[in-house]
Amino acid sequence: MRDLFGGGDIEALGDGAAVLRGFALREAKDILAAVVEVSAAAPFRHMTTPGGYRMSVAMTNCGRAGWVTDRRGYRYACDDPETGRAWPPMPPSFRDLAMRAAAAGGFDGFEPDSCLINRYEPGTRLSLHQDRDERDYAAPIVSVSLGLPAVFLFGGLQRSDRPRRVPLESGDVAVWGGPARLAFHGIMPLAEGHDPLTGRSRINLTFRRAL
Ligand code: SIN
Ligand code: FE2
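Here goes a summary of the coordinates provided. Predicted model only: the values in this text are computed from it and were never measured.

About the cut-offs
- Residues numbered from 1 in each chain as written.
- Chains lettered and ligands numbered in written order.
- Predicted model: local features only at pLDDT ≥ 70, side-chain atom pairs only at ≥ 80, totals over all residues.
- Heavy atoms only, no water.
- Near = heavy atom within 4 Å.
- Polar contact = N/O pair within 3.5 Å; in protein donor to acceptor, adjacent residues only side chain to side chain.
- Areas by Shrake-Rupley, 256 points an atom, 1.4 Å probe, with all protein chains shown as cover.
- Helix = DSSP H or I, 4+ residues; strand = E, 2+ residues; numbered from the N terminus.
- Expected span 1.5 Å × (residues − 1).
- Buried < 20%, exposed > 50% of the residue type's maximum accessible area, 1.4 Å probe, protein only.
- Arc of directions from axis to C-beta.
- Contact = heavy atoms within 4.5 Å.
- Disulfide = S-S within 2.5 Å.

1. A closer look at the site of ligand 1
Close to ligand 1 lie N118, Y120, L126, H129, S143, H185, I187, R202, N204, T206 and R208. Measuring from an oxygen atom of ligand 1, one finds a side-chain N or O atom of Y120 at 2.5 Å. Contacts to ligand 1 include N204, whose side-chain N or O atom sits 3.2 Å from an oxygen atom. Relative to its unbound accessible area of 260 Å², ligand 1 is 98% covered by the protein chains. Going through the elements one at a time, β6 (114-120), β7 (126-129), β12 (185-187) and β13 (202-208) are the ones with two or more residues in the shell around ligand 1.

Structure representation (C-alpha cells):
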C-alpha cells in the first residue's frame, strides 16, 4: 500500500541504494509549482552531448551549480549558458526534501548545491550512464520522480552489469551513494500517458553535491 504521507516503503536496490516509495507525494504539487518558476528564469532546453547529439531529455537547473553539456564536455557551471546569469536559487523546500530523503536512504548530512531538472515526454529516454562530474563522490545522489511513470534502469559499477528494471511512480525518490555512488543508471523510453499534475510528461529532480 502506498503511504500518502511520506513515511512509506523503502525498497533496497542493493548496498547503498534504495527507492523510497511515495516519499515526495505529499509535496509533489508544490515542487512542480516551484519548477515552473525556476523554468521561467532558466528555461528547459535540449543540450548537446560532447559527441554532437541533441539530448531528448529537456533540462534546466537550480542551485549554486548546474549540470551542463555541450561540444566542450560535461561539467557543472554556476551560470546558465543560455542566459549568462546565475541559475535560480534552490528553493529551501527542495533542499529540505533532498536532505530528508538522503537521511531516510542512510546518508545523513547531505547538503546539495545542485538540482538538475529533467523533463521527459513519451518516447524520451536517458541512456545508461554514471553521475561522475561531481568534485567528490562522498555525497549521495537523490532523484525525485514526478508525473508520468518510468522504468529506471539501475545497474552495477560496470557498464556491462545487467541493470535491474525498477518501475518509478510520481512521488518515488531514489537514493544511491557509498558503494553504489557510481552505479550505472538510466531511464527506458517513456510510455504514452497522462498525469493529473504534469500532463504528458515526467519531471525528475536530481540533487547532488557538485562543488
Ligand atoms: C538522471 O540520471 O539524471 C535522471 C534519472 C531519472 O530521470 O530518474
Ligand atoms: Fe544520472
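2. Some words on helix α2 (residues 92-104)
An α-helix turns once per 3.6 residues; consequently, residues spaced three or four apart project the same way. The terminal C-alpha atoms of α2, which comprises 13 residues, lie 18 Å apart, in line with the 18 Å expected from a rise of 1.5 Å per residue. Those residues of α2 that fall on the buried side of the exposure criterion are F94, L97, A98, A101 and A102. Projected down its long axis, α2 shows its buried positions confined to an angular sector of 130 degrees, all on one face. Count one or two residues on from α2 and you reach G106, which has phi positive near 105 degrees.

3. What about the side chain of D80?
Its place among the elements puts D80 in the loop between β5 (73-77) and α2. Relative accessible area serves as the criterion here: at 1%, D80 is assigned to the buried category. If sequence neighbours within four positions are ignored, D80 has contacts with A42, R45, R85 and W87.

4. Digging into the state of the cysteines
A covalent bond between the sulfur atoms of two cysteines is referred to as a disulfide. One pass over the structure, following the stated rule, counts 0 disulfides. Lacking any disulfide linkage, C62 is separated from the closest cysteine sulfur, that of C115, by 4.1 Å. Cysteine C78 remains unbridged, with the sulfur of C62 as its closest cysteine sulfur at 13 Å. Overall, the relative accessible area of 38% leaves C78 in the partly exposed class.

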